[in-house]
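Architecture and fold: a report
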Amino acid sequence: MQGLSQFEQIAIYAVLGVALLGLAYAIFLRSQILREDKGSQRMQEVWSWIKEGADAYLRRQLRSILPLIAILTVALFFSVYIVPPTPEALKRFEGTDEATIRLIIGLARAVAFVMGAGFSLTVGQIGMRMAVEANVRVASAARRSFGDALRIAYRAGTITGMLTDGLGLLGGTIIFIILGIAAPDALLGFGFGGTLLALFMRVGGGIFTKAADVGADLVGKVEAGIPEDDPRNPAVVADLVGDNVGDCAGMAADIFESYEVTIVSGLILGLALWHITGELEWIIYPLIVRGIGVLSSIIGTYVVRAPASGGNAMQAIFRGFLSSATISAVLFLGAGFFYLNTAAMAPWGGWWRAPLAVGAGVLLAIIIDRLTEYFTGTHGAPVKEIKKGADTGPATLILQGISAGYESAVWATIVIALTIVASIFIFGTIPGISATDRVTFVLYGVAMTGIGMLTLTGNNVAMDSFGPIADNANGIGEMAWSGQDDEATVRAQQIMADLDAVGNTTKAITKGVAIGSAVIAAVSLFGSFLVDVGRAQATLGIRAEEQITAVGIRVDVPQVFVGMLVGGALPWLFSSFAIQAVSRASALIVQEARRQFRLGVLEGKVKPDYAQAVSISTTAAQKELVGLALLGIVTPIVIGLMLQVEALGGFLAGIIVSGQLLAVFMNNAGGAWDNAKKLIEDEPKRPSENLGKGSDRHKAGVVGDTVGDPMKDTAGPALNPMIKVVNLVSVIVAPIVVQYSGASGGTLLAIWIAIVALLAVLGWAIMRSKAPAPVLGQG
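Residues numbered from 1 in each chain as written. Predicted model: local features only at pLDDT ≥ 70, side-chain atom pairs only at ≥ 80, totals over all residues. Heavy atoms only, no water.

**Observations concerning the side chain of D674**
- Structurally, the position occupied by D674 is in helix 18 (residues 610–681).
- When its relative accessible area of 7% is taken as the criterion, D674 is described as buried.
- Once you skip the residues sitting within four places of it in the chain, D674 turns out to touch N504, D705 and K712. (Helix = DSSP H or I, 4+ residues; strand = E, 2+ residues; numbered from the N terminus. Buried < 20%, exposed > 50% of the residue type's maximum accessible area, 1.4 Å probe, protein only. Contact = heavy atoms within 4.5 Å.)

Have a look at this one:
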């Protein structure tokens, strides 16, 4: 905290207090949810199956990833011994010998990595467990009123949102308070820990949920002709468990790491501006913005409600989002005016530039929200066209969904590009600065748009968790109320179906926001990469005009172009392995369900064994965790060591562009297929007229939905943390690559031995991902 004014010190501690307030709000909402009624004995029995399956999966996942976390903690500690301490670390610990500084920074980076991983794990696990606690209560509330069911589902999701806000802000603020200007050294570890855990939870949860979902749909709806969530389907509980481990635990960890990474890149670039301007406001203001976001989310999430008799859930949720956005925008401008409107900041373009960039980020989130709803919502033309495609079979329905996904990726990319252009206009017009400094200002503006975009993280995560909570509540009702047709039950089932349809759209929206934030965060980290490489080159005596911040990444250099090609290809390989895993596991679930059907489950001769499908999905998910994570960790290190740091920059550019387009396509195409199927299911049930459930059109919709499931819930969302893992690893390893770029003799030999070893690890990861999953009962 040295060098800060009294106001700045008070502001930082106020931000810390806001982080704690967010966590306290989560505890308050938890006590509210747990007081709600859990319904009948049968509902609680179904709920207990879901709860036990989800807990068992998370325990198994934790055992799978702890060894790699331990190895990487040690590696991050020793990484500071390979390169000289940064000028910020030397200044922060002035008067301390270099060996002690390395020890302090190494411990800080390792502890921050564990803290980031631990916070990400906490957000995912507690968020998922609260979703499980809420789903049975939402089902019970649906028998009373629409308003109560909506309130419970949304506030349960808000708990996860507040954990994301509170822990993300708490970690970053504590690190800054302790380390001051040396904080970026540790913040890289904090961001890497959160991102890596998000990748684990996204990949594992995505494979689990979609293996169960695809298997349950194919064997239940298509083959046996039974309804979704029919208790006779042996895969139905695995499907409901998967909603929680994929969409709750996975997405919560995903958005948490985006929240971390945008503040990490913002502080690193703010530090670069401090070197240029001598002003600490560039570092402090992002933390103030995050504190404002938490307060705005608390207010906005609490106003989401609907009448008891019914209403439009999507409108109520979006009203809360807009309330938070409006409050935060006013406070951003106010904070900017009172804090940045000083004589010292006047030469750098005026106080309004940073708040305007943050506002552009909030606007970006709203536009992506509306754009995603248009392409995936049941009221939009694309979904209606996909539904129309079912008239002529699954092929035309799938083709229509693919075309909608492609188009949506283009518009989402244009919106993100325009946001970056806005940053160019905001910060690129500052008079009297050099071209190199102008690039740093613009990249800082991009980081601020990312911070603005995720300012309403509490709202975004609440919207996402609402989806699986409503889906599970619908499933519990379907299983517990099977055979009941009294008026209260029919009305409750309709309420659940309506909330479930809205939940599909909110999940797609938040995935769109997550993908957009991933790209913005990756571009910000790309800026951090350029800054760190430039500083490393300066320590080696390379002239300023020859440093990467002045020269840039030149695609006409062959090795840079090779790096770009490899970077562009990596998301496709990653997605291929993730979808293959779902395909293999779902085939095993189909075989298991068919086996149980042959024993007489459909006729009621024997009870379904739900544990078998849960075990198959769990085994398949754990098999892929480490292998897919190593693709993101090892590949950038190999590219950097083999082709040098400029090629690593090209690699990052390739993965950002390719990953963005692919992720949006898979997310929106899958979401549109899902809602097209639901539109067909909402039709009057008249199979003889090819209408509603059981018709050929419905079967075509189910096929489209099952094709889209691993795209929208496994591969697409997992690309978000994978892109950021690659970027963070690159930022960490870049100074090492620069340090040893001209190595010779024994050092060069050691580098090539390391490259061969890393290629062997990469080969093992690929072979492991391509190997078939073990059959249940055979290891």
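Moving on from the model shown.
**A word on unusual backbone geometry**
- A positive phi is found at Q644, a non-glycine position, where the angle reads about 80°.
- As for its position among the elements, Q644 is in helix 18.
- Taking relative accessible area as the criterion, Q644 reaches 25% and is therefore assigned partly exposed.

**Some details on the pattern of salt bridges**
- One pass over the structure, following the stated rule, counts 28 salt bridges.
- A salt bridge links E45 to R42; the nearest nitrogen and oxygen atoms lie 3.0 Å apart. You can see E45 and its partner R42 sitting in helix 2 (residues 41–79), three residues apart, about one turn around the helix.
- Several salt bridges share partner residues, and in doing so they unite K210, D213, D674, K677, D705, D709, K712 and D713 into one network. (Salt bridge = Lys/Arg side-chain N within 4 Å of Asp/Glu carboxyl O.)

**Quick notes on the side chain of T301**
- By the element assignment, T301 lies in helix 8 (residues 281–302).
- Separated by 3.2 Å, the side chain of T301 and the backbone oxygen of I298 make a polar contact.
- The contacts of T301, once residues within four sequence positions are left out, are Y25, Y154, T158, S324, G458 and N459. (Polar contact = N/O pair within 3.5 Å; in protein donor to acceptor, adjacent residues only side chain to side chain.)

**Digging into the environment of P684**
- Following the sequence through the fold, P684 ends up in the loop between helix 18 and helix 19 (696–739).
- For P684, the contacting residues outside a window of four places in its chain are L691 and G692.

**Focus: helix 4 (residues 98–142)**
- Between its first and last C-alpha atoms helix 4 spans 64 Å; for 45 residues at 1.5 Å apiece the expected length is 66 Å, and the two agree.
- Maximal helix bending in helix 4 amounts to about 25°, located at A134.
- When you tally the buried positions in helix 4, you get 32 out of 45 residues, the bulk of the element. (Expected span 1.5 Å × (residues − 1). Bend = angle between axes of the 7 residues up to and from the residue.)

**A short note on the packing of helix 5 (residues 146–179) against helix 7 (residues 236–277)**
- Orientation of helix 5 relative to helix 7, taken along the N-to-C sense of each, is 30°, at an axis distance of 10 Å. Classified by the interaxial angle, the pair formed by helix 5 and helix 7 is roughly parallel. Of the two elements, helix 5 crosses helix 7, and the hand of that crossing is right-handed. Residues T160, T164, D165, L167, G168 and L169 of helix 5 pack against A252, I255, F256 and Y259 of helix 7.
- In the contact of helix 5 with helix 7, the residues fall into six nonpolar, three polar and one charged. (Axes fitted to C-alpha atoms, helices over the stretch in contact; angles between N-to-C directions. Parallel < 35°, antiparallel > 145°, perpendicular 65-115°, else oblique. Left-handed = near helix turned anticlockwise from the far one by under 90°. Nonpolar A, V, L, I, M, F, W, Y, C, P; charged D, E, K, R; others polar.)

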